[in-house]
Amino acid sequence: MGFDSAATFLELAGVAQPPDTDAVSLVPALKGQTMPAGRELYFVRREGGPEYGGKSYEAIIKDGWKLMQNGPFAPLELYNLEDDPKEERNVMGKAPKITRELSSALRRHIQKGGAVPWQKPE
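For clarity, every value in this text was computed on a predicted model and none was experimentally measured.

## A closer look at the sheet that holds strand β1 (residues 41-46)
Strands sit in the order β1-β2-β3-β4 across an open sheet of four strands; the sheet is antiparallel. Each edge of the open sheet carries a strand with a single partner, namely β1 and β4 (76-80). Between one strand axis and the next, the sheet turns through 15° on average, direction left out of account. Where β1 meets strand β2 (residues 56-62), six bridges bridge the pair, whose relative direction is antiparallel. The residue of β2 that forms the bridge with Y42 is I60.

So, in structure tokens, the structure goes:
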């Protein structure tokens, strides 16, 4: 993620990262080491026009799994990226525990993003 570059540069400079950020230093990857598992990568995109109605669509990736909604009115889809990196086999309904975990995480990210005061009320 782009914002991880700041965390990476801070670590390389020997400076502590502010505690209220969720960026991750990429120094282990630069050293050829494995990055820690368990990180959630959240993606959101908002489109215009009648097809999207000003709504967004989201995805979350964690531990080799991807839960996504490929349009604001589309159903959720689940992919095991290790077994299916091209996302050709939607396994929604076949991994209920993963679906619950990622659905909860996705909701938390959406709620957190909605709580950001982007502009003052009119």
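## A look at the nonpolar core
Membership of the largest hydrophobic core is limited to nine residues, which are I60, W65, L67, L78, V91, A95, L102, A105 and L106. Mapped by element, the contributors of at least two residues to this core are β3 (65-69) and α3 (96-114). It is α3 that provides the largest number of residues to this core, a total of three residues.

## Quick notes on the pattern of salt bridges
Under the definition given, this model contains six salt bridges. For E87, the salt bridge is made with K66, and the minimal N-O distance between the two is 3.0 Å. Placement of the pair is E87 in the loop between β4 and α3 and K66 in strand β3, with a sequence separation of 21 residues. For E87, a relative accessible area of 26% corresponds to the partly exposed category. Exposure remark for K66: the relative accessible area of 14% places this residue in the buried category.

## A short note on a nonpolar patch on the surface
A contiguous nonpolar patch, built from F9, L12, L26 and L30 and spanning about 430 Å² of accessible area, is present on the exposed surface. Tracing the backbone through its elements, the reader meets L30 in helix α2 (residues 27-30).

## Brief notes about the confidence of the model for the protein chain
Averaged over every residue, the pLDDT of the protein chain is 86; the share at 70 or more is 93%. When pLDDT is averaged over each helix and strand of the protein chain, the minimum, 84, is found for β1 and the maximum, 97, for β4.

## Focus: helix α1 (residues 4-12)
Within α1, the full set of buried residues consists of D4, A7 and T8. Along the axis of α1, the buried positions cluster into a sector of 100°, meaning they face one direction only. Close packing links the buried residues of α1 with α2.

Definitions and limits used
- What you see as residue numbers is a count from 1 along each chain, following the sequence as written.
- The predicted nature of this model means local features are confined to residues of pLDDT at least 70 and side-chain atom pairs, given and counted, to a pLDDT of 80 or more, with totals for whole chains, interfaces and linings taken over all residues.
- The side-chain numbers reported here are obtained from all heavy atoms of the structure, hydrogens and water having been left aside.
- Here, strands pair whenever DSSP counts at least two bridges between them.
- What counts as a helix is a DSSP run of H or I of at least four residues, what counts as a strand is a run of E of at least two, and both are numbered from the N terminus.
- Axes, fitted as lines to C-alpha atoms, cover a helix only where it is in contact. Angles between the N-to-C directions of the axes lie from 0 to 180 degrees.
- We define the nonpolar core as a collection of buried residues of types Ala, Val, Leu, Ile, Met, Phe, Trp, Tyr and Cys that are connected through side-chain atoms lying within 4.5 Å of one another.
- Accessibility here uses a 1.4 Å probe with only protein chains present; expressed as a share of the type maximum, an area under 20% marks a residue as buried, one over 50% as exposed, and anything in between as partly exposed.
- By salt bridge we mean one thing: a side-chain nitrogen of Lys or Arg within 4 Å of a carboxyl oxygen of Asp or Glu.
- Residues form patches when they are more than 30% accessible in relative terms and have no salt bridge. Like charges link within 9 Å. Nonpolar side chains (Val, Leu, Ile, Met, Phe, Trp, Tyr) link within 5 Å.
- The Shrake-Rupley method, run with a 1.4 Å probe, gives the accessible areas here. Residue values count only the displayed protein chains as cover.
- Residue-level confidence of the predictor, termed pLDDT, takes values from 0 up to 100.
- Here the arc refers to the directions that run from the helix axis out to each C-beta atom.
- Contacts between residues were defined by any pair of non-hydrogen atoms, one from each residue, lying within 4.5 Å.

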